[in-house]
Amino acid sequence: MTASTIGAPAGPPDPAGPGGGGPPVGMRDGRARQVSRMLDRHPRARLFGVLTWPTVWLLLIYVGSLVALFVTSFYRLNEDGTGIVKELGVSNYRQLIDTDTYRTIALRTLWIAVLVTVIDVALALPIAYYIAKVAKPRWRPLLAAAVLVPLWGSYLVKAFAWRAILGDPGGVLAETVGTSPGYGLTGVVVVLAYLWLPYMILPIYAGLERLPDSLLDASGDLGAGFVRTLRSVVIPVLVPSIVAGAVFTFSLSLGDYIAVQLVGGPTQTIGSVVYANFTADLPFAAAYAVVPVVIMVVFLLGIRRTGALDNL
Amino acid sequence: MRISRTAGATVALLGLVVAGCGSDSTSKSTTAPNKVGAGEGALSIVAWAGYAEDGSTDPDQNWVTPFEQQTGCKVTVKTGNTSDEMFQLMSSGEYDGVSASGDSSVRMIDAGLVAPVNTALITNYADISPLLKDTVYNSSGGTNYGIPHGWGANYLMYNSAVVTPAPDSWDAVFAQDSPYRGKITAYDAPIYIADAALYLKTARPDLAIKDPYSLTQKQFDAAVALLKVQRSNIGEYWSNYSASQQAFEQGTIVLGTTWQIIYNLALPNNADLKTVSPKEGSTGWSDTWMVSSKAKHPNCMYMWMDYITSPAVQAQVASWFGEAPANPKACGLIDPAEHCDVFKATDAAFAKSIAFWATPRKKCLDGSGSSCVPFSDWIKAWTVIKG
Amino acid sequence: MSSVPAGVRWGLRAYAWLVLGLLYAPLLVVAVFSFNTGTSLAWPPKGFTGSWWAEAVHNDGAREALLVSLRTAALATLVALVLGTCAAFAIQRFRFFGREPLSLMLVLPIALPGIVTGIALNAGLQRAGIQLGILTLVVAHATFCIVVVFNNVVARLRRMSPNLEEASADLGAHRGQTFLYVTFPLMRSALVAGGLLALGLSFDEIVVTTFTAPAGSETLPQWILNNLNRGEQQPIVNVVATAVMLLSVIPVWLAQRLTGGSGGLTGRSR
């Protein structure tokens, strides 16, 4: 197929054809045909038709907002906290660099995000493999759905439930098992790993589903054991899926502030500092928000080649 | 340091491209009205959760609907979760009024976000406790900027089964080698620095602290240092009060600042909890209804301020929210009847001992000069303290 | 499958059920607390009561919030379906300058942490002098929903044989007809899968919502957050959360039937 042989409708679907019956005829059809022929001759017009809307939307609304935020990060709060001084300067960035606390918090958050991602990969691989390749075929969709349901449960309520679970004493774990990590850094990692786990299982499951069984059998026929097949065939094929899941777990962990507040004890993360300063000192919050943006953009550029972005 | 002019201009240009011009043309009112005219049919307010209930939380708690029926002002409520958030919401100029605590009200006055209020137009104003009138957090230069709503003190709560002997000083939460390490809580807001300053006022006479909201750099640094010490003993900071309630009930937290309402709600679930008003005195909050200087519905806002300070409505709010009503006449109508005693609503000596929240600024609030540590520094210090 | 040793099979099975159990345990805790006589989340529960469920039915706030959430999610999904489909056609069927940046830009709203997206949109709207309203909320939600529709549609287009559309053209159908009678039916399940996922994303979103929602109306997550801030409301929230979880089986089941497993999350709909 070449790009110019098949076209897409310009913007919303052409209303020319009324539903049902054979190909309609008449005035409206005639105009539709004219437009159609015009589009046949001008692939650029077709491209323009489909490209304009999403591009304008994203540029104007999203990229525009990011730029506005970036500009704000060069402003500063006045002394008494009564307003924002709209003069461009780098005082916020200077503060970010000069104060150890902000670096510590950024590194801590990065560490949490990495740890959560690693834990989720470790938890997700075996279960995804089980669902896709070991469980009886008629059970597979049901099991996949079972992974999906918790994703629809309210994030807030799950985070609160974890508060009830981790409390020490008085929490579910402490009262039934007798031990609990309590509220703190460990609590944050556990809860975030829990919250984002389905985001990791599902892409890996989908990746495994696409992997033909015949390939695994071939590997076995060639004398490779289970572990060898896993290492040489399965894992390499799964890289894009794993990375796609990691985009979710990493980014969601990097920005979380609600779960952190509920189960983190006094722990501060990038998200909680940005959230607290959003109302107190917007320019500073904007400057600190640039940190996760830079981390994610580097991350995205790094993984572009793996094809993971198509797996999101 | 400024970045270079050209780079600045480029960035600014980019900003303009996407931003358009956001300059506002709404007129600002800087004088109080002489009379309340006809209602505008609508009212949009920023309030603490529980201050303007319309029955959607609990069908029995509804004083907004009767107001709407009486005045024809359709009320829209935006819940503010923190003082900083309220300040920011009021900056948008989209609201007619706010129930501001002292740690945002001074800022709102200074920033010109709120207009002077003619208290003569509020029929219930005469009944309001004189202790709450003409304070540093609701008036400026002899001009009134709001109508008091209700107040409360920050108490020290402790779990008497764990914490022995019973504490009578804030020393309990600031001691370096606390036996309750990891089980202490503190309020999560920059204004909590004042609690440390209040404690140092007695504990470190050499610092000569007079007002915990008017601190010199040296006094401020001492308070921050104390809080950094406290940080290693903190189990969690609280700003969400149900989370704090639950932590005290379960015993994950056994000692720390609290509000009366949290204690009242937690006590049925944990009989060991006790509160004390420490010997150093305590900080507290007193909330004020203020009118936006860009109010689109000022008449409805005046009607609201009169309505919310009437004894019957004060009784409802104070009981539901858990605070001392600003209008003592509410005490006769409140359910439960002992509410005002529990909250010490009519105890003038107690109210006097409280250092009510006020926003620190460079021009000292207590008139001691113009070199006090401004609020922007309090905000930054708070993040650094928590680490 | 023959190549998996029996021991490993059993190990995997036990492990899978363990992880599934872990996924559901917190949800179970919430459900249990919704029948608790006490209002706190302290374990163990004090006693059994169904009164919270009865009370929740009459909670206007929760019902209104549910409607706001559904309306917002529906509108945002609609916008995302149109924009995501357009973007998918552009990227999949054309080669043009800026194609790579566009695909990166599509991913950004979901790849950047919600708090960044939230405060950026808030700053942007404020600068443009636009007041927060239901419309700004819908716009914000649509922005991060575009990519899930896009991914589902683009994956479908990639595997769709061009022959059918060519045949349609050869038989004299114009572009509108070809789209309506050939392309659209082939894409339908991908659209439904992407749409359902967008619906779910929007329905449960709280962070971006916090920064772009107007005063006076709250979405269900906002209602939950506001009510969790009042301890005595905790049981009602538990009831609402449990009910929503039970109801969520419906869209999951729908997505399941249409996508065969991944619920559209991975753009591999059938």
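Residues numbered from 1 in each chain as written. Chains lettered and ligands numbered in written order. Predicted model: local features only at pLDDT ≥ 70, side-chain atom pairs only at ≥ 80, totals over all residues.

1. Here we look at the overall build of chain A
When you go through chain A residue by residue, the secondary structure sums to 13 helices and 2 strands. With 312 residues in all, chain A has 55% of them scored as buried. Summarising the internal contacts of chain A: among those between residues at least 6 apart in sequence, 68% fall at separations of at least 24. (Helix = DSSP H or I, 4+ residues; strand = E, 2+ residues; numbered from the N terminus. Buried ≥ 20, exposed ≤ 12 C-beta atoms within 10 Å, placed from the backbone. Contact = placed C-beta atoms within 7 Å.)

2. Side note on the domain arrangement of chain B
Interface size is often expressed as the accessible area that is lost when the parts come together. Residues and elements named next belong to chain B. Under the domain assignment used here, chain B contains domain 1 (28-150 + 286-339) and domain 2 (153-284 + 362-386). Just the C-alpha atoms count here: the centres of domain 1 and domain 2 sit 28 Å apart. Mapped by element, the contributors of at least two residues to the side of domain 1 that touches domain 2 are α4 (102-110) and α11 (311-322). When grouped by side-chain class, the residues that make up the side of domain 1 that touches domain 2 number 2 nonpolar, 4 polar and 2 charged. (Domains from an automatic or database assignment. Nonpolar A, V, L, I, M, F, W, Y, C, P; charged D, E, K, R; others polar.)

3. Section: the nonpolar core
Membership of the largest hydrophobic core comes to 302 residues, with the highest contact counts inside it found for I193(B), A223(B) and I119(C). When residues in this core are grouped by element, the largest group, 17 residues, is from helix α8 (residues 185-210) of chain A. Not counting the four nearest positions on each side in its chain, I193(B) is found in contact with A223(B), V224(B), L227(B), W378(B), A381(B) and W382(B). (Core = buried A, V, L, I, M, F, W, Y, C linked by C-beta atoms within 7 Å.)

4. Side note on helix α3 (residues 83-91) of chain B
All of the buried residues along α3(B) are S83(B), D84(B), M86(B), F87(B), L89(B) and M90(B). Close packing links the buried residues of α3(B) with α12 (270-280) of chain A together with β1 (42-48), β2 (74-80), β3 (97-100), α4 and β13 (282-292) of chain B. Directly after α3(B), the chain includes G93(B), whose backbone phi takes a positive value near 70 degrees.

5. Points about helix α2 (residues 64-71) of chain B
Residue and element names in this part refer to chain B. Those residues of α2 that fall on the buried side of the exposure criterion are V64, F67 and T71. Seen from one end, α2 has its buried residues packed into an arc of 60 degrees, which puts them on one side. Within α2, the exposed residues directed more than 90 degrees away from the buried face are T65 and Q69. Residues of α2 that are buried make contact with β2 and α10 (298-308). Note on α2: the residue one or two positions beyond its end, G72, has a positive phi of about 75 degrees. (Arc of directions from axis to C-beta.)

6. Considering unusual backbone geometry
Here the amide bond leading from D168(A) into P169(A) is cis, since omega sits at 0 degrees, within 30 degrees of zero. Relative to the helices and strands, P169(A) resides in the loop between α6 (155-166) and α7 (172-176). Cis rather than trans, the peptide bond between D335(B) and P336(B) has omega equal to 5 degrees. Relative to the helices and strands, P336(B) resides in the loop between β14 (324-325) and α12 (339-342).

7. Remarks on the confidence of the model for chain A
A low pLDDT score tells you not to read the predicted coordinates there in detail. All names here are of chain A. In this model, chain A carries a mean pLDDT of 85, and residues with pLDDT of at least 70 account for 89%. Summarising per-element confidence for chain A, the mean pLDDT is lowest in helix α1 (residues 27-41) (76) and highest in helix α4 (residues 100-134) (95). Low pLDDT, under 50, characterises residues 1-26; the stretch is placed with 51 contacts to residues that sit more than four places away or in other chains. (pLDDT = per-residue confidence, 0-100.)

8. Re the interface of chain B and chain A
On the chain A side, the residues contacting the 38 residues of chain B number 35 residues. Looking at the side of chain B that touches chain A, the elements that each hand over two or more residues are α1 (5-19), α3, α4, β10 (234-238), α8 (241-250) and α14 (375-386) of chain B. Of all the elements, α1(B) adds the most residues to the side of chain B that touches chain A, at 7 residues. Of the residues assigned to the side of chain B that touches chain A, the class counts are 17 nonpolar, 11 polar and 10 charged.

9. Description of the packing of helix α2 (residues 43-72) of chain A against helix α5 (residues 114-127) of chain C
Following both chains from N to C, one finds α2(A) and α5(C) inclined at 85 degrees, their axes separated by 7 Å at the closest point. With respect to α5(C), the axis of α2(A) lies roughly perpendicular. Contacts between α2(A) and α5(C) involve G64(A), S65(A), L66(A), A68(A), L69(A) and T72(A) from the first element and I119(C), A120(C), L121(C), A123(C), G124(C) and R127(C) from the second. Per-class residue counts for the contact of α2(A) with α5(C) are 7 nonpolar, 4 polar and 1 charged. (Axes fitted to C-alpha atoms, helices over the stretch in contact; angles between N-to-C directions. Parallel < 35°, antiparallel > 145°, perpendicular 65-115°, else oblique.)

10. Details of the domain arrangement of chain A
According to the domain assignment, chain A consists of domain 1 (1-13 + 24-65) and domain 2 (99-311). One C-alpha centre belongs to domain 1 of chain A, the other to domain 2 of chain A; they are set 39 Å apart.

11. Considering the sheet that holds β10(B)
All names here are of chain B. The 5 strands are arranged β10-β9-β11-β8-β12 in an open sheet whose pairing can be described as mixed. This sheet does not close on itself; its edge strands, each paired only once, are β10 and β12 (273-276). Strand-to-strand twist across the sheet, computed as the mean angle between neighbouring axes with direction ignored, equals 30 degrees. Examined bridge by bridge, strand β9 (residues 184-187) and β10 share 4 bridges and lie parallel to one another. The residue of β10 that forms the bridge with A186 is Y237. Sitting on the sheet, α8 touches β8 (155-159), β9, β10, β11 (255-258) and β12, and the angle it makes with β10 is about 150 degrees. (Pairing = 2+ DSSP bridges.)

12. Comments concerning the packing of helix α4 (residues 99-111) of chain C against helix α6 (residues 134-159) of chain C
All names here are of chain C. The contact between α4 and α6 brings their axes to 8 Å, and the two run at 120 degrees. Relative to α6, α4 is oriented oblique. The hand of the α4/α6 crossing is left-handed. Facing α4, whose interface residues are L106, V107, P109 and I110, α6 presents T143, F144, I146, V147 and F150. A breakdown of the residues in the contact of α4 with α6 according to their chemical character gives 8 nonpolar, 1 polar and no charged. (Left-handed = near helix turned anticlockwise from the far one by under 90°.)

13. Quick word on the environment of P113(C)
Along the polypeptide, P113(C) turns up in the loop between α4 and α5. A count of 27 C-beta atoms within 10 Å places P113(C) in the buried class. Other than its neighbours up to four places away in sequence, P113(C) contacts S251(A), L254(A), G255(A), G271(A) and P292(A).

14. Describing the interface of chain A and chain C
Taken residue by residue, the interface counts 100 residues in chain A and 94 residues in chain C. For the side of chain A that touches chain C, the leading source of residues is α2(A), giving 17 residues. Its residues placed into classes, the side of chain A that touches chain C shows 71 nonpolar, 18 polar and 11 charged.

15. Describing the pairing of β8(B)
Residues and elements named next belong to chain B. Along β8, 5 of the 5 residues are buried, which leaves the element largely enclosed by surrounding structure. Neither face of β8 is exposed, since Y155, M157 and N159 on one face and L156 and Y158 on the opposite face are all buried. In terms of strand pairing, β8 meets β11 through 4 bridges, oriented antiparallel. Looking at the pairing, Y158 lines up with L255 of β11. As judged from the 4 bridges shared by β8 and β12, these two strands associate in the antiparallel manner. By the bridge assignment for β12, L156 is matched with V276.

16. Notes on the confidence of the model for chain B
Residue and element names in this part refer to chain B. The share of residues in chain B with pLDDT of 70 or more is 93%, and the mean pLDDT across the chain is 89. Scored below 50 in pLDDT, residues 1-26 makes 36 contacts in the model with residues more than four places away or belonging to other chains. For this predicted complex, the interface confidence reaches an ipTM of 0.89, while the overall pTM sits at 0.87.

17. Digging into the environment of I127(A)
Structurally, I127(A) is set in helix α4. With 77 residues separating them along the chain, I127(A) and I204(A) place their C-alpha atoms 9.5 Å apart. Ignoring any residue separated from it by four or fewer positions in sequence, one finds I127(A) in contact with I201(A), Y15(C), A16(C) and V19(C).

18. A short note on the environment of Y288(A)
Residues and elements named next belong to chain A. By the secondary structure assignment, Y288 is in helix α13 (residues 282-303). Between the C-alpha atoms of Y288 and V227, which are 61 residues apart in sequence, the distance is 44 Å. Not counting the four nearest positions on each side in its chain, Y288 is found in contact with L96, Y102, I270, V273, V274 and N277.

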